Amino acid sequence: MGSEQLTDEEAKRLRAATGVVVVAAIVSFIRGVPGDLIRSWGDGPWIVRNEAVHQVSWEGFASFFGGPLYGSYRPLHFLSYWLDVPWFGARGPSMHAVSLALWCLALVFFLRALRAWGLTLVAATIGTLVVGLHPIQVEAVTWASGRSAVLAVLFASLALLFHAKTTNVRSKSAWGSRLCVLLAVLCDPNALALPLVLLFGDVYLRGFDWKTALLAQLPVAGVIVACAYVMFRIGPAADAAAESGPLVTRVAATTTHALETLFWPAHVSPVYRTGHLETLGARVWTGPLILMAALAFAWARKNKAFSFVALSFIALLLPVMNLWLVPFLWLDRYLVLPLLALGFGVALLVNAFPRTNTKSEWPRVPVLAAASVVLVALGVRTSLYTAVWRNDGTLWRYAVDAQPNAFHAWYNLGIFRRDRGDFAGALDAFTRATELEPRQRLGFSGLMSALAMRDEVRHGLPRSQALRLAQLYAEQLDNIDSLHDLAERMLETGYQDAAYLPLSQWMDAHPVDDDRLERAAQVRVRLHDAPLARFYVSRMHRAPVPPELQALRVRQIPR
């Protein structure tokens, strides 16, 4: 396969196909452009509070390239915010419009890359639309912090385009491809496997021998290995390490989840449940079995195109397959690059179908009809899902409905409700989060912050210490005795309701009999400290004897 000079008629048809791809992408994603930034999910720290992206400066440039930011090294991702933030501010509509424009440009390059690899224009267009309209792309295109994935697709497509035109390892196209691979990696570490895709393309689609194909990737291999070492050394620790299960199980579950989401994107979500992978049962092995069957089929039939697609998909999934733990086991944006292999495969499949006649590149009507139905369904689902991302509230309310067992969905819903002053709703969400993942300090920290903020509002406390108290509380969860001291300090400073959380946990570890609780409650009544007296009474298993304490038992400890 390779590129060829276009005639005027072919160039005209290519422009028409490009227009179809761009218009389809705009129609599918346009509902997300007016939306706000998602401050509780990356946009806050990465954009709104990241001063380096708010003005063009040498200091900002040096900070992007000088080291990791927020646990990852993706300097071109942060540099891309200079396209909009310094000029229009950290505003959702302008940033989403720029991301959508970059997405359209990425799809144009992917379309041309498929053409350069020898696919017919119809096949290339259908394959590009599968990539461009898939609902998993909403997180990349409509979420401002997801721009890293958009840029990775853009440079990956350029790398494929340049590589298809490569005649020898020293040609300008070869070096252009290598440069684009490096740029993709500097946008998103998940692009580290791109050289493998180019390698498989040379062997299975272009007919090169393995030695020649390997030599073509050798100049970039050292840089990629170095980038991989740096990026995975500085990467954040996985949130669900204790709950992720054995290596084989989590890799199998990740593969299964990827295939299910790509082929049936009815339940896409900003987050998924990260722990207890063993609860998937036998279904956990579905994904690996499908991939092994695909490779066995390709081997038996000597189908090189099928081999290329299967191996490329596996390669692009490798960085997020949980061979090493990633921050979140499953996220939609982890599948943006693997979807390129699926789109390439769809184009190859359409290309292989019989055509209407020997001189036409149009497949027969049933194939076009089936493709049209799938593409329309993808576009509609994407448009509906895009509307969910219009602000934090709509996103996290959707997330807890789509993935009711996802810890981070409930946690972020709690953050949103807490910051809006809905403390009752926040406490419900944080409580649900702690029930789902009792080992996660983050959930308990959120619970404490909401309780403390409510105390500040109820009792008019002068200066907010809620976030600091929440951090102290989370740090001391492993030291039960220190929780008693923290509770006393909180009671002294007016955080009456919030103090009951660490005090309850201390008393759970140090049970107090009813008689002592009754005496302590009576002391608190004499000191006119009714809330703490009520707390002690609530811990009693029997009804208190003194009448003044019986009255307290009727009233519940405020939540």
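What counts and what doesn't
Residues numbered from 1 in each chain as written. Predicted model: local features only at pLDDT ≥ 70, side-chain atom pairs only at ≥ 80, totals over all residues. Heavy atoms only, no water. Helix = DSSP H or I, 4+ residues; strand = E, 2+ residues; numbered from the N terminus. Buried < 20%, exposed > 50% of the residue type's maximum accessible area, 1.4 Å probe, protein only. Polar contact = N/O pair within 3.5 Å; in protein donor to acceptor, adjacent residues only side chain to side chain. Contact = heavy atoms within 4.5 Å. Core = buried A, V, L, I, M, F, W, Y, C linked by side-chain atoms within 4.5 Å. Patch = residues over 30% accessible without salt bridge, like charges linked within 9 Å, V, L, I, M, F, W, Y side chains within 5 Å. Areas by Shrake-Rupley, 256 points an atom, 1.4 Å probe, with all protein chains shown as cover. Salt bridge = Lys/Arg side-chain N within 4 Å of Asp/Glu carboxyl O.

Q: Quick one: what's the story with the side chain of Ser 157, residue by residue and with numbers?
A: Relative to the helices and strands, Ser 157 is located in helix H9 (residues 147-164). Looking at Ser 157, the relative accessible area reads 0%, which means it is buried. Engagement of the side chain of Ser 157 in a polar contact is seen with the backbone oxygen of Val 153, the distance being 2.8 Å. Setting aside anything within four residues of it in sequence, one finds Ser 157 in contact with Ala 106, Phe 109, Phe 110 and Ala 113.

Q: Can you lay out the environment of Met 448 for me, pointing to particular residues and giving the numbers?
A: By secondary structure assignment, the location of Met 448 is in helix H21 (residues 441-459). You can call Met 448 buried: its relative accessible area is 0%. Through-space distance from the C-alpha of Met 448 to that of Gln 465 is 11 Å; in sequence the pair is 17 residues apart. Residues within four places of Met 448 in sequence aside, it is in contact with Leu 469, Ala 470, Tyr 473, Met 490, Ala 498, Leu 501 and Pro 502.

Q: Lay out the nonpolar core with the relevant residues and their values.
A: Of all hydrophobic cores here, the largest spans 155 residues; its most connected members are Trp 41, Trp 103 and Trp 389. Setting aside residues no more than four positions away along its own chain, Trp 41 makes contact with Glu 139, Trp 143, Ser 145, Pro 270, Val 271, Phe 328, Leu 331, Arg 333, Trp 389, Trp 396 and Asn 412. Core analysis: the second largest hydrophobic core is formed by 13 residues, Ile 47, Leu 69, Trp 82 and Ala 144 among them.

Q: Please provide a residue-by-residue account of a nonpolar patch on the surface, values included.
A: Side chains of Leu 247, Val 248, Trp 285, Leu 289, Met 292, Leu 323 and Trp 324 sit close together on the surface and give an oily, nonpolar patch of about 680 Å² of accessible area. Mapped by element, the contributors of at least two residues to the nonpolar patch are helix H13 (247-263) and helix H14 (286-301). Positionally, Met 292 belongs in helix H14.

Q: Before we move on, can you summarise unusual backbone geometry with the specific residues and values?
A: A positive phi angle, near 50°, is found at Lys 302, a position not held by glycine. By the element assignment, Lys 302 lies in the loop between H14 and helix H15 (304-317). Taking relative accessible area as the criterion, Lys 302 reaches 70% and is therefore assigned exposed. A positive phi angle, near 70°, is found at Asn 322, a position not held by glycine. Counting through the fold element by element, Asn 322 comes out in the loop between H15 and helix H16 (338-352). Classification of Asn 322 as buried rests on a relative accessible area of 1%.

Q: So what about the pattern of salt bridges? Which residues, and what values?
A: All chains considered together, the criterion is met by 9 salt bridges. Here Arg 333 ties to Glu 139 by a salt bridge, and the two come within 2.5 Å at their closest N and O atoms. Of this pair, Arg 333 sits in the loop between H15 and H16 while Glu 139 sits in helix H8 (residues 138-142), placing them 194 residues apart in sequence. Across this residue pair, the class does not change: Arg 333 and Glu 139 are buried. Its salt-bridge partner being Glu 260, residue Arg 283 comes within 2.6 Å of it at the nearest N-O pair. Of the two residues, Arg 283 is situated in the loop between H13 and H14 and Glu 260 in helix H13; the sequence distance between them amounts to 23 residues. For Arg 283, a relative accessible area of 41% corresponds to the partly exposed category. A residue is classified by how much of its surface remains accessible, and Glu 260, at 34% relative accessible area, is partly exposed.

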